[in-house]
Amino acid sequence: DGVVLSFVTKGPYSTNYGSRLYVMDGEDTYKIFKLKNREFAFDVNVSNLRCGLNGALYFVEMDSKGDWDGANNKAGAKYGTGYCDAQCPHDLKFIQGQANVIDWNNTAV
């Protein structure tokens, strides 16, 4: 019983660095955790984590429907949309149904 996340995922067309885990509460909604005055415990095996990599776990407030609005975003939580934290990573293709192209440079490595 557990979850294994890989930092590097190689697909047929690209390589992705980083990983996220979305906990679902149903087919179309994310699980909303109410943690005020509660404890959330977890164990992490960092024995295979390479030097310099960040093995952090954190919660990000998200809309339970993944910003689904039926107009701009018809995908919603079912397809993993709705994530954005203070870093607003460039690997997110869409944010609230809009293309994430601010400061994007497709020639950068």
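Definitions and limits used
Residues numbered from 1 in each chain as written. Predicted model: local features only at pLDDT ≥ 70, side-chain atom pairs only at ≥ 80, totals over all residues. Heavy atoms only, no water. Helix = DSSP H or I, 4+ residues; strand = E, 2+ residues; numbered from the N terminus. Polar contact = N/O pair within 3.5 Å; in protein donor to acceptor, adjacent residues only side chain to side chain. Phe/Tyr/Trp six-rings, centres within 6.5 Å; stacked < 30°, edge-to-face > 60°. Buried < 20%, exposed > 50% of the residue type's maximum accessible area, 1.4 Å probe, protein only. Contact = heavy atoms within 4.5 Å.

A.B. asks: So what about the side chain of N73? Which residues, and what values?
C.D. replies: Take N73: it is sitting in the loop between β2 (15–17) and β3 (94–95). Among the polar contacts listed, one links the side chain of N73 to the backbone oxygen of G66, at a separation of 3.0 Å. Side-chain polar atoms of N73 contact the backbone nitrogen of A75, separated by 3.0 Å.

A.B. asks: Outline the packing of aromatic side chains, listing residues and values.
C.D. replies: Centre distance and the angle of the planes are the two values used to describe a pair of aromatic rings. Per the counting criterion, the structure on display carries 6 aromatic pairs. With centroids separated by 6.3 Å and ring planes inclined at 70°, the aromatic side chains of Y22 and Y83 adopt a geometry described as edge-to-face. Pair noted here: Y22 is in the loop between β2 and β3 and Y83 is in the loop between β2 and β3, with a separation of 61 residues, a long-range link. Y22 gets classed as partly exposed once you look at its relative accessible area, which sits at 26%.

A.B. asks: Go over the environment of Y30, please, and point to the residues and values.
C.D. replies: Checked against the element boundaries, Y30 lands in the loop between β2 and β3. Y30 sits in the buried class, given a relative accessible area of 5%. For the pair formed by Y30 and K78, sequence separation is 48 residues and the distance between their alpha carbons is 8.3 Å. In this structure, Y30 is in contact with Y22, V23, M24, D25, M62, D63, S64, G66, A77, G80 and T81, ignoring residues within four places of it in sequence.

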